[in-house]
Amino acid sequence: MASKLLALHAPSLRSFTCSRQNFPTVSTSGCCSTAEDPRRWRDSKKNAQMSPLVFPKKYNPIRSVTVRSSLVFPIKSPQDQWGTWTALIATAAFGIWSENTKIGRTLNGALVSTLVGFAASNLGIISCQAPAYSVVLNFLLPLAVPLLLFRADLRRVIQSTGPLLLAFLIGSVGTAIGTAVAFLMVPMDSLGWNSWKMAAVLMGRHIGGAVYYVAGSKAFGVSPSVLAAGLAADNVICAVYLTILFALASKIPSEASTSTNDESVADRGMNDPDPEPDNKPPVLLTAAALAVSFAICNAGIFLTKYFGTKGGSLPAITAVVVILATAFPKRFSRLAPAGETMAMILMQVFFTVVGASGNIWNVIDTAPSIFMFSLVQIVVHLAVILGLGKLFGINLKLLLIASTANIGGPATACGMAAAKGWSSLIVPGILAGTFGITIATSLGTAFGVIVLLYI
């Protein structure tokens, strides 16, 4: 029965076409093989037809091909929270690990994290702006400050702030001179009437840190487009300048420990191959240090909002932890090893964000003149603070922290002092940066109206 159905349907297969690009197409009739019937082969030759798709009238050997790549930059989208946090934490861990190598010990782990973050941002691996960066700056950085200051001794702070304050004032003078020189060399004519305003804002920015930038721009009425361009240039300048300062500080050793129990929890755990069952107190101290740090941050933010203090919550948080550490030195010194271990990780993440925020392509696209102005301004600032500081016999370590407080503000000065192991300069660096915030508005406004407007 099946053979009969096949025989009935076989005549319906009258023709078929074998087609392949760049080859002639032959149409044949029937379903039998030409080897079985030679006459069918001769008939097929007569009925052979050339496909018009194979040989067009005007054959062009050059074919136009459009290639579309599915790769999108940055590879890790700002909305990819897990991907961004993975990159930040991995870079911070790499910076800490690098200190075990010869190059890492020379450069410092914080500098390595900054450079890797800067490279990742500019190569399109991560974005230069992401919600995770705001979390680091608004939450993790303030949380790290109390963890770093559990050993704060107010008497040592008072003794060390005097020379550092002098160095900070020298740096402020260097910024003013650099502003005048840069305005003459790079007048920023493309900004029009906003040129002298942006110069004044950048002067205040490099005296009082990043906190002043937005407030100063609003005070001078700088247009939003110029504000965004200046911010992009400033991020790159801060990343590059911080790298230079760490390079200058590479030969300066960290300070000697002030306590016999200064070994961190992490180091103690790594050096103890067989931890005993009663090794629970470090875990308890770590949890206690974290809880105390959260409580201090909460109190500092509350005081900042209650009194309407300018300059952010960092000065208030610093004041609270210094008062408590001075009033209860023994209790807080017990929390110091665990706190410093966690703070080291948080500060490495902070320096990664500092590097990742500096996208040089945004600067090239928006306003290269602002970048060149800031570059000249910073170079003159560094020359003045190092030259006059050496003339007055000020320690290089103090000059570098003072310059960091000028350019980066109190948070960056705190981070550099902690990363280099200069624990006695953490609080003075924050205080010097806070002092810069208070004088930046008046100095920037006065210099812009009296000097820059008439140059």
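Calculation criteria
- Residues numbered from 1 in each chain as written.
- Predicted model: local features only at pLDDT ≥ 70, side-chain atom pairs only at ≥ 80, totals over all residues.
- Heavy atoms only, no water.
- Helix = DSSP H or I, 4+ residues; strand = E, 2+ residues; numbered from the N terminus.
- Buried < 20%, exposed > 50% of the residue type's maximum accessible area, 1.4 Å probe, protein only.
- Contact = heavy atoms within 4.5 Å.
- Areas by Shrake-Rupley, 256 points an atom, 1.4 Å probe, with all protein chains shown as cover.
- Expected span 1.5 Å × (residues − 1).
- Arc of directions from axis to C-beta.
- Axes fitted to C-alpha atoms, helices over the stretch in contact; angles between N-to-C directions.
- Parallel < 35°, antiparallel > 145°, perpendicular 65-115°, else oblique.
- Left-handed = near helix turned anticlockwise from the far one by under 90°.
- Nonpolar A, V, L, I, M, F, W, Y, C, P; charged D, E, K, R; others polar.
- Phe/Tyr/Trp six-rings, centres within 6.5 Å; stacked < 30°, edge-to-face > 60°.
- pLDDT = per-residue confidence, 0-100.
- Polar contact = N/O pair within 3.5 Å; in protein donor to acceptor, adjacent residues only side chain to side chain.
- Core = buried A, V, L, I, M, F, W, Y, C linked by side-chain atoms within 4.5 Å.
- Patch = residues over 30% accessible without salt bridge, like charges linked within 9 Å, V, L, I, M, F, W, Y side chains within 5 Å.
- Salt bridge = Lys/Arg side-chain N within 4 Å of Asp/Glu carboxyl O.

A. View of the overall build of the protein chain. Scanning the protein chain for helices and strands turns up 19 helices and two strands. The proportion of buried residues among the 455 residues of the protein chain is 45%. Pairs at least 24 residues apart make up 78% of the contacts formed inside the protein chain by residues separated by at least 6 positions. Accessible surface, the protein chain: about 24,800 Å² in total, of which carbon and sulfur atoms supply 66%.

B. Main features of helix H3 (residues 81-98). Between its first and last C-alpha atoms H3 spans 26 Å; for 18 residues at 1.5 Å apiece the expected length is 26 Å, and the two agree. Inspection of H3 places Gly83, Thr84, Leu88, Thr91, Ala92, Gly95 and Ser98 among the buried residues, and these make up the whole buried set. What you see down the axis of H3 is that its buried residues fit within an arc of 165°, all on one side.

C. Molecular detail of the packing of helix H16 (residues 368-391) against helix H17 (residues 396-408). Contact pair H16 / H17: the axes reach a minimum separation of 10 Å and the direction vectors enclose 150°. Taken as axis vectors, H16 and H17 run roughly antiparallel relative to one another. Crossing of H16 against H17: the hand is right-handed. On the side of H16, the interface is formed by Ile378, His381, Ile385, Leu386, Gly389 and Lys390, while H17 contributes Leu396, Leu399, Ala402, Ser403, Asn406 and Ile407. Looking at the contact of H16 with H17 residue by residue, the classes come out as seven nonpolar, four polar and one charged.

D. Inspection of the packing of aromatic side chains at higher detail. Under the definition given, this model contains seven aromatic pairs. Aromatic side chains Phe150 and Phe332 sit 5.6 Å apart centroid to centroid with 55° between the ring planes, which places their arrangement in the tilted category. With Phe150 in the loop between helix H6 (131-148) and helix H7 (154-185) and Phe332 in helix H14 (residues 329-356), this pair connects stretches of sequence that are 182 residues apart. Here Phe332 falls in the buried class, since its relative accessible area comes to 9%. Measuring from ring centre to ring centre gives 5.9 Å for Phe302 and Tyr306, while their planes differ by 25°; the resulting arrangement is stacked. Placement of the pair is Phe302 and Tyr306 together in helix H12 (residues 281-307), with a separation of four residues, close to one helical turn. Comparing Phe302 with Tyr306 shows no difference in burial state: the two are exposed. Taken together, the aromatic side chains of Phe246, Phe350 and Phe351 make up a single cluster linked through ring pairs.

E. Looking closely at helix H13 (residues 314-327). End to end, H13 covers 20 Å across 14 residues, agreeing with the expected 20 Å (1.5 Å per residue, within 8%). Within H13 the residues assigned to the buried category are Leu314, Pro315, Ala316, Ile317, Thr318, Val320, Val321, Val322 and Ala325.

F. Fine view of the confidence of the model for the protein chain. Here the protein chain averages 77 in pLDDT, and 73% of its residues register 70 or above. Looking at the elements of the protein chain, mean pLDDT is at its lowest for helix H11 (residues 265-271), recorded as 40, and at its highest for H3, recorded as 94. Ignoring residues within four places in sequence, the model shows residues 258-280, a span with pLDDT below 50, making 18 contacts including any to other chains.

G. Summary view of the side chain of Thr179. Considering the arrangement of structural elements, one finds Thr179 in helix H7. Only 2.8 Å separates the side chain of Thr179 from the backbone oxygen of Thr175, close enough to count as a polar contact. Among residues more than four places away in sequence, those in contact with Thr179 are Ala199, Met203, Phe373, Gln377, Phe447 and Leu452.

H. Inspection of the nonpolar core at higher detail. Counting residues in each nonpolar core, the largest one holds 108 residues, and the members touching the most others are Leu149, Phe150, Met198 and Ile370. With 13 residues, the top contributor of residues to this core is H14. Once residues within four sequence positions are removed from consideration, Phe150 is found in contact with Ala289, Val292, Ile296, Val321, Ala325, Phe332, Ser333, Leu335, Ala336 and Gly339.

I. Main features of the side chain of Thr84. Its place among the elements puts Thr84 in helix H3. With relative accessibility at 3%, the residue Thr84 sits in the buried group. Among residues more than four places away in sequence, those in contact with Thr84 are Ser77, Pro78, Ala130, Ala132 and Tyr133.

J. Quick peek at the environment of Ala343. Structurally, the position occupied by Ala343 is in helix H14. On the basis of relative accessible area, Ala343 is assigned to the buried category, the value being 0%. If we ignore the near neighbours within four places in the chain, the residues touching Ala343 are Ala144, Leu147 and Leu148.

K. Expanded view of the packing of H3 against helix H5 (residues 109-122). Where H3 meets H5, the axes come as close as 8 Å, and the angle between the chain directions of the two elements is 140°. Taken together, the axes of H3 and H5 lie oblique to each other. Classified by chirality, the crossing of H5 by H3 is right-handed. Seen from H3, the contacting residues are Thr91, Ala92, Phe94, Gly95 and Ser98; seen from H5, they are Gly109, Val112, Ser113, Val116 and Gly117. Split by residue class, the contact of H3 with H5 holds four nonpolar, six polar and no charged.

L. Structural view of a nonpolar patch on the surface. Taken together, the side chains of Phe73, Ile75, Leu123 and Ile125 present a nonpolar region at the surface, about 420 Å² in accessible area. Its location among the elements puts Ile75 in the loop between helix H2 (38-46) and H3. The class for Ile75 is partly exposed, based on a relative accessible area of 47%.

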